[in-house]
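Coordinate analysis (summary)
The residues making up each chain are set out below.
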Amino acid sequence: MIRVLPILIFSNNNMDVSIFLNLRINPPALILLVAIIPFLLYTIRNVMLSKASKKWPKVTGMITHTQESQLGSKFKLGYEYTLRDHTFTNRRVFYSNTTTYNKKLAIEFDQKYSKYQIVNVFYNPKNPRQAVLEPGRTDGAFWIIGVLSTLFLICAFAVFASLKKYSPGPTK
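Quick look at the structure, then.

Thresholds applied
- Residues numbered from 1 in each chain as written.
- Predicted model: local features only at pLDDT ≥ 70, side-chain atom pairs only at ≥ 80, totals over all residues.
- Heavy atoms only, no water.
- Helix = DSSP H or I, 4+ residues; strand = E, 2+ residues; numbered from the N terminus.
- Buried < 20%, exposed > 50% of the residue type's maximum accessible area, 1.4 Å probe, protein only.
- Contact = heavy atoms within 4.5 Å.
- Areas by Shrake-Rupley, 256 points an atom, 1.4 Å probe, with all protein chains shown as cover.
- Core = buried A, V, L, I, M, F, W, Y, C linked by side-chain atoms within 4.5 Å.
- Expected span 1.5 Å × (residues − 1).
- Arc of directions from axis to C-beta.

**Here we look at the overall build of the protein**
Helix and strand counts for the protein come out as 3 helices and 8 strands. When the 172 residues of the protein are sorted by exposure, 33% land in the buried category. Of the contacts formed within the protein by residues at least 6 apart in sequence, a portion of 63% connects residues at least 24 apart. Within the structure as shown, the protein displays about 11600 Å² of accessible surface, and the carbon and sulfur contribution to it stands at 60%.

Right under this line is the structure:
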């Protein structure tokens, strides 16, 4: 459904002048467009941090806890590392959109990491709170970016294709 949306183009408080354009717009496409943007930007950020993490310095850390859900479908782990007399804790194994991992990754991490295990932690020298155990790993992030970008383009096309100046018919 296309609705009329008044958009303020110009306002000048000194002269009390306001100009409005009434535009016909596709609200569902606009809402979806606005909703996609943060997820797309967050995923792109994670890919960039993942690539940057390949060059980060490493420090020795320790796995402090591992947790598998009762159904075995989720996995969490935590680790800590010390840098310049500051101890940091983190849960991120690699840069993905979650720190709770699905069953396939849970099995992999369960075999790879155990409680009190000494591990290499790769930390961001500009922000030591950012750290990963597996630098450079992206696991499906490019697929997510592709899907979100496609949805973004479709919604943007739907919004801009629906933008038509609305002029109400003559009044009787």
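After presenting the structure, the write-up continues.
**Some thoughts on the nonpolar core**
Grouped together as the largest cluster of nonpolar side chains are 19 residues, with contacts concentrated most on Leu77, Tyr79, Tyr81, Tyr113, Val121 and Leu133. Those elements that provide at least two residues to this core are β3 (58-68), β4 (75-83), α2 (103-112) and β6 (118-124). At 5 residues, the largest contribution of residues to this core is made by β4. In contact with leucine 133, other than residues within four places in its own chain, are Ile63, Leu77, Tyr79, Arg92, Val93, Tyr113, Val119, Asn120, Val121 and Phe122. Counting residues in hydrophobic clusters, the runner-up holds 12 residues, among them Ile25, Leu40, Ala141 and Cys155.

**Some thoughts on helix α3 (residues 141-162)**
With 22 residues, α3 ought to run about 32 Å at 1.5 Å a step, and its terminal C-alpha atoms sit 31 Å apart, in line with that. Taken residue by residue, α3 has Ala141, Ile145, Leu148, Cys155, Ala156, Val159 and Ser162 as its buried positions. Taken down its axis, α3 places every buried residue within 130 degrees of arc, on the same side. Turned more than 90 degrees away from the buried face of α3 sit Phe142, Trp143, Leu153, Ile154 and Phe157, all of them exposed.

**Details of the side chain of glutamine 130**
Within the secondary structure, glutamine 130 sits in strand β7 (residues 127-132). For glutamine 130, a relative accessible area of 17% puts it in the buried group. Discounting chain neighbours no more than four positions away, the residues touching glutamine 130 are Arg45, Leu49, Trp56, Tyr81, Asn90, Tyr95, Phe122, Tyr123 and Asn124.

So, to be careful, I would describe these as geometric facts and stop short of saying anything about function.
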